[in-house]
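Spelled out from the first residue to the last, the chains are:
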Amino acid sequence: MLKEKLERCLCQAVQEAQKKGELPPVTMAQVSVERTQNSKHGDFASNLPMKLARSMQTSPLLIAEQILEHLPRLPEIADVIVAPPGFVNFVLRKEWLARQVNNILSARETYGDSVLDEECRIQFEFVSVNPTGPLHVGHGRGAVLGSTLANVFKSAGYSVEREYYINDVGSQITNLGGSLYTRYLQCLGKEASLPADAYMGDYVIDIAREIVDEYGEKFLVLSSDEASAELGRIGVCRLLKVIEKELALLRVDFDSWFREKSLYETGQYQYVMDLLRDRGYVQEREGAVWFETTALGDEKDNVLVRGDGLPTYFASDIAYHYNKFLVRKFDRVVDIWGADHQGHILRMQAALRALGIEPERFTVMICQMVSLRRGEEVVKASKRSGNIIALKEVIDEVGVDACRFHFLSRSADSQMDFDLELAKKQSDENPVYYVQYAHARIASILRIALEREIDYSGGDVSLLVAEPELSLIRQLILFPEVRDTVIATLEPQYLPYYARDLATSFHSFYKQCRVISDDEELSRARLKLIEASGIVLARVLGMMGITAPERM
RNA sequence: GCGCCUAUAGCUCAGUGGAUAGAGCAUCGGUCUUCGGAACCGAGUGUCGGGGGUUCGAAUCCCUCUAGGCGCGCCA
């Protein structure tokens with residue numbers, strides 16, 4: 001990419017100057033070229049002279065002048081300018097910019113895609129909600145984040161897998177079974193009271209009723225433990241279907257649904273526990289089995305097997321991550337967890353260390369809480385959904401596109417205040433519609449061109465020299481860089497902000513430049529430009545899982 | 001008490017150690033309105049929570065204090 005090319009040139013220029021003795025022969029500093037924030041400073045800028053100033057004991061401006069002197073000429077660059085206090089600024093050549101329109105048009109929906117030198121398999125695990133109830137808003141945030149990151153990495157050439165981890169064993173499932181059993185008995189007119197920490201949501205009653213309709217009194221003959229276990233299994237199945245459906249509404253789907261239970265069925269859980277024991281990390285005390293994570297960097301030790309003989313969530317999670325890294329051999333794994341799981345990070349990292357897995361292969365993203373408001377009023381959790389704010393209600397009210405855009409616009413690190421009233425009131429002014437409108441507008445003009453049978457395939461892009469045209473092209477070619485920023489930071493909020501900026505550039509161009517006019521040559525060139533704009537808009541919207549409408 | 005996250009314009013939030021800290025909404029004013037006005041152009045508003053430090057340069061890195069959120073179970 002151009003940025004790297006400029007960095008190499010700068011490096012060369014410094015070495016050249018050093019060879020000629022025009023700059024002191026000190027060790028080279030880290031060369032970096034960045035996009036400028038202000039177009040007055042050109043397109044790219046480097047701070048290299050300021051970084052070298054100290055070791056060279058020379059003023060940054062003088063160093064910059066020397067670099068300029070030895071910088072090779074590049075076809076992409078029209079001008080290189082030294083600016084105080086010591087920047088080297090690059091201005092892109094207009095002809096080169098205009099040619100990029102043809103690049104976009106020939107790459108079309110693959111524009112910006114790249115291929116990695118070596119295959120890299122990356123897994124994103126997200127949502128992974130216990131199948132004990134419907135999804136709430138916070139789950140939606142993680143879902144949108146994960147699915148978007150997966151899209152972004154795919155476009156950068158990674159081999160991506162999206163996984164949902166199903167906790168289908170453990171006390172929560174036992175509890176679900178117990179709750180369902182009570183509701184089942186009640187549906188059949190029997191006296192029964194709910195367990196102390198039962199799932200209270202009305203959805204439990206609905207499922208119990210369905211089970212009565214389907215199986216009748218079949219479970220009455222079983223012992224309460226057997227019946228509860230059986231009903232728990234059925235409940236998990238049904239709730240998973242509900243969860244899958246709700247995620248599909250949000251346009252989130254998975255390549256793999258991994259069942260915790262399978263870790264026990266295949267013996268992997270036992271294998272990993274033995275492994276930890278063999279390596280001397282395991283101790284029995286106070287009637288339980290402990291993993292000595294303190295020695296591996298955690299703040300405290302953690303229990304693997306409880307006094308009652310049942311494994312903890314932590315224990316199976318170690319086996320699960322063993323499976324990810326050492327059985328399925330992902331090069332990299334990204335887990336997206338809610339803020340309430342933050343305390344789980346240190347001990348998982350400790351566990352991976354014990355298993356000999358390089359820590360840089362494992363990333364945990366923490367997604368902060370979402371609270372829902374309607375103006376001043378805090379939206380209360382509904383009893384129906386079991387004391388949560390259901391994701392589905394928010395999707396129904398706000399719409400998928402606006403919902404995804406809204407989630408993506410906030411950094412995962414900050415808590416989110418989702419104001420439904422604002423989201424609805426602004427629906428026309430909502431940035432997501434602003435971006436989509438740009439796409440629809442383009443589609444509309446292209447339809448007219450088609451009606452009038454204007455063939456612009458041979459349009460001459462070198463006619464694109466007006467400032468609105470060039471700034472639009474400058475925005476268009478930022479797309480691959482924005483994508484790479486998301487790859488580097490795992491922060492997708494760059495996408496919605498970029499999409500908005502691109503739409504602004506287009507709308508501004510549209511206002512100032514008539515696309516289809518009496519000047520047929522110019523019309524053809526501009527049709528190319530707007531088609532390229534539509535392609536990039538559709539790409540960035542697509543990455544975010546948002547539709548790019550032809551009409552609205 | 002300990003750990004993680006957050007504090008930026010009236011509101012909701014961006015900001016990858018650089019140049020005059022930016023958007024949207026809200027407010028005020030203008031454009032034009034025959035390719036889609038769900039548009040365009042302009043204006044104002046800031047002790048970047050407080051205080052120290054590192055740096056040629058800090059909203060950004062370090063320390064500290066304050067405020068809020070979330071954790072700190074033989075739950076998941």
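The rules behind these values
Residues numbered from 1 in each chain as written. Chains lettered and ligands numbered in written order. Predicted model: local features only at pLDDT ≥ 70, side-chain atom pairs only at ≥ 80, totals over all residues. Heavy atoms only, no water. Near = heavy atom within 4 Å. Polar contact = N/O pair within 3.5 Å; in protein donor to acceptor, adjacent residues only side chain to side chain. Helix = DSSP H or I, 4+ residues; strand = E, 2+ residues; numbered from the N terminus. Nonpolar A, V, L, I, M, F, W, Y, C, P; charged D, E, K, R; others polar. Pairing = 2+ DSSP bridges. Axes fitted to C-alpha atoms, helices over the stretch in contact; angles between N-to-C directions. Phe/Tyr/Trp six-rings, centres within 6.5 Å; stacked < 30°, edge-to-face > 60°. Buried < 20%, exposed > 50% of the residue type's maximum accessible area, 1.4 Å probe, protein only. Contact = heavy atoms within 4.5 Å. pLDDT = per-residue confidence, 0-100. Salt bridge = Lys/Arg side-chain N within 4 Å of Asp/Glu carboxyl O. Patch = residues over 30% accessible without salt bridge, like charges linked within 9 Å, V, L, I, M, F, W, Y side chains within 5 Å. Areas by Shrake-Rupley, 256 points an atom, 1.4 Å probe, with all protein chains shown as cover. Lys, Arg positive; Asp, Glu negative; His and termini not counted. Charge placed at Lys NZ, Arg CZ, Asp CG, Glu CD. Parallel < 35°, antiparallel > 145°, perpendicular 65-115°, else oblique. Left-handed = near helix turned anticlockwise from the far one by under 90°.

A. How the structure looks around the protein's contact with RNA strand B. Inspection of the region around RNA strand B gives 63 residues, with Lys 40, Arg 54, Gly 307, Asp 413 and Arg 441 positioned closest. Interatomic distance of 2.9 Å between a side-chain N/O atom of Tyr 497 and a sugar or linking oxygen of RNA strand B. A distance of 2.9 Å separates a base oxygen of RNA strand B from a polar backbone atom of Ile 516. Contributions of two or more residues to the surface near RNA strand B are made by α2 (48–56), β4 (87–92), α6 (171–187), α16 (431–451) and α19 (494–512). Among the residues forming the surface near RNA strand B, the class breakdown is 20 nonpolar, 24 polar and 19 charged.

B. Spatial organisation of the sheet that holds strand β9 (residues 288–291). The three strands lie next to each other as β8-β9-β10, forming an open sheet whose pairing is antiparallel. If you trace the sheet from one side to the other, it starts and ends with β8 (282–285) and β10 (302–305), each paired once. Averaged over all neighbouring strand pairs, the angle between strand axes comes to 45°, with direction disregarded. Pairing of β9 with β10 involves three bridges; the strand directions are antiparallel. Bridging from a neighbouring strand, Val 289 pairs with Val 305 of β10.

C. A look at the packing of aromatic side chains. In this structure the tally under the stated criterion is 21 aromatic pairs. The interplanar angle of 65° and the centroid separation of 5.2 Å between the aromatic rings of Phe 124 and Phe 153 together place this pair among those described as edge-to-face. In this pair, Phe 124 is assigned in strand β5 (residues 121–125) and Phe 153 in helix α5 (residues 137–155), connecting sequence segments 29 residues apart. You'll find Phe 124 and Phe 153 in the same group, each marked buried. Relative to Phe 509, the ring of Phe 506 has its centre 6.2 Å away and its plane inclined at 45°; by these criteria the two rings are tilted. Here the residue Phe 506 and the residue Phe 509 both occupy positions in helix α19, the gap between them amounting to three residues, near one helical turn. Accessibility expressed as a relative area gives 0% for Phe 509, which makes it buried.

D. Inspection of the sheet that holds strand β2 (residues 44–46) at higher detail. Ordered in space as β1-β2-β4-β3, the four strands form an open sheet in which the pairing is antiparallel. Each of the sheet's edge strands pairs with one partner strand only, and the pair in question is β1 (33–35) and β3 (77–83). Averaged over all neighbouring strand pairs, the angle between strand axes comes to 25°, with direction disregarded. Bridge analysis of β1 against β2 gives three bridges, and the strand direction is antiparallel. If you follow Glu 34 over to β2, its bridge partner there is Ala 45. Sitting on the sheet, helix α3 (residues 60–70) touches β3 and β4, and the angle it makes with β3 is about 160°.

E. Just the confidence of the model for chain A, in detail. Mean pLDDT over chain A works out to 93, with 98% of the residues at or above the 70 mark. Model confidence for the complex: the whole-complex pTM is 0.95, and ipTM, which rates the interface, is 0.95.

F. Representation of the pattern of salt bridges. In total, this model carries 32 salt bridges according to the counting rule given. Arg 162 is the partner of Asp 253 in a salt bridge, and the nearest nitrogen-oxygen pair spans 3.0 Å. Residue Asp 253 is found in the loop between α8 (224–249) and β7 (256–259), and its partner Arg 162 is found in strand β6 (residues 159–166); the two are separated by 91 residues along the sequence. Judged by its relative accessible area of 45%, Asp 253 falls in the partly exposed class. Salt-bridge contacts for Glu 284 lead to Arg 277; the nearest nitrogen and oxygen are separated by 3.4 Å. Its relative accessible area of 58% is what places Glu 284 among the exposed residues. Exposure remark for Arg 277: the relative accessible area of 42% places this residue in the partly exposed category. The network of salt bridges with shared partners includes Arg 285, Glu 286, Glu 292 and Asp 301.

G. View of helix α17 (residues 467–476). The buried fraction of α17 is high, at seven of 10 residues. All of the buried residues along α17 are Pro 468, Glu 469, Leu 470, Leu 472, Ile 473, Gln 475 and Leu 476. Here the buried face of α17 lies against α4 (94–107), α18 (479–489), α19 and α20 (520–543).

H. Looking closely at the pairing of strand β13 (residues 370–374). Here four bridges tie β13 to strand β15 (residues 416–419), and the two strands are oriented parallel to one another. Paired with Arg 373 across the bridge in β15 is Asp 419. Where β13 meets strand β14 (residues 377–378), two bridges bridge the pair, whose relative direction is antiparallel. From the neighbouring strand, Arg 373 faces β14, where its bridge partner is Val 378. In textbook terms, the turn of a hairpin is the stretch between consecutive antiparallel strands, and for β13 and β14 this stretch comprises two residues, one of which, Gly 375, has a positive phi near 65°.

I. The arrangement of the side chain of Ser 256 in detail. When you line up the elements, Ser 256 lands in strand β7. For Ser 256, a relative accessible area of 14% puts it in the buried group. A distance of 2.5 Å separates the side chain of Ser 256 from the side chain of Glu 163, its partner in a polar contact. Not counting chain neighbours up to four residues away, the residues in contact with Ser 256 comprise Glu 161, Arg 162, Glu 163, Tyr 164 and Arg 328.

J. Highlighting the environment of Gly 142. Residue placement: Gly 142 occurs in helix α5. On the accessibility criterion, Gly 142 (9% relative accessible area) is buried. Between the C-alpha atoms of Gly 142 and Leu 52, which are 90 residues apart in sequence, the distance is 43 Å.

K. Structural view of a negative patch on the surface. A surface patch of negative charge is lined by Asp 117, Glu 118, Glu 119 and Asp 331. Topologically, Asp 331 is positioned in the loop between α11 (313–327) and β11 (332–338). Residue Asp 331 is classed as partly exposed on the basis of its relative accessible area, which comes to 35%.

L. Quick look at the packing of α17 against α19. Two numbers describe how α17 lies on α19: the axes approach to 9 Å, and their chain directions differ by 160°. With respect to their mutual orientation, α17 and α19 come out roughly antiparallel. Read as a crossing pair, α17 and α19 show a hand that is left-handed. Between α17, through Pro 468, Glu 469, Ser 471, Leu 472, Gln 475 and Leu 476, and α19, the contact on the second element is made entirely by Tyr 498, Asp 501, Leu 502, Ser 505, Phe 506, Phe 509 and Gln 512. The residue inventory of the contact of α17 with α19, partitioned by class, reads seven nonpolar, four polar and two charged.

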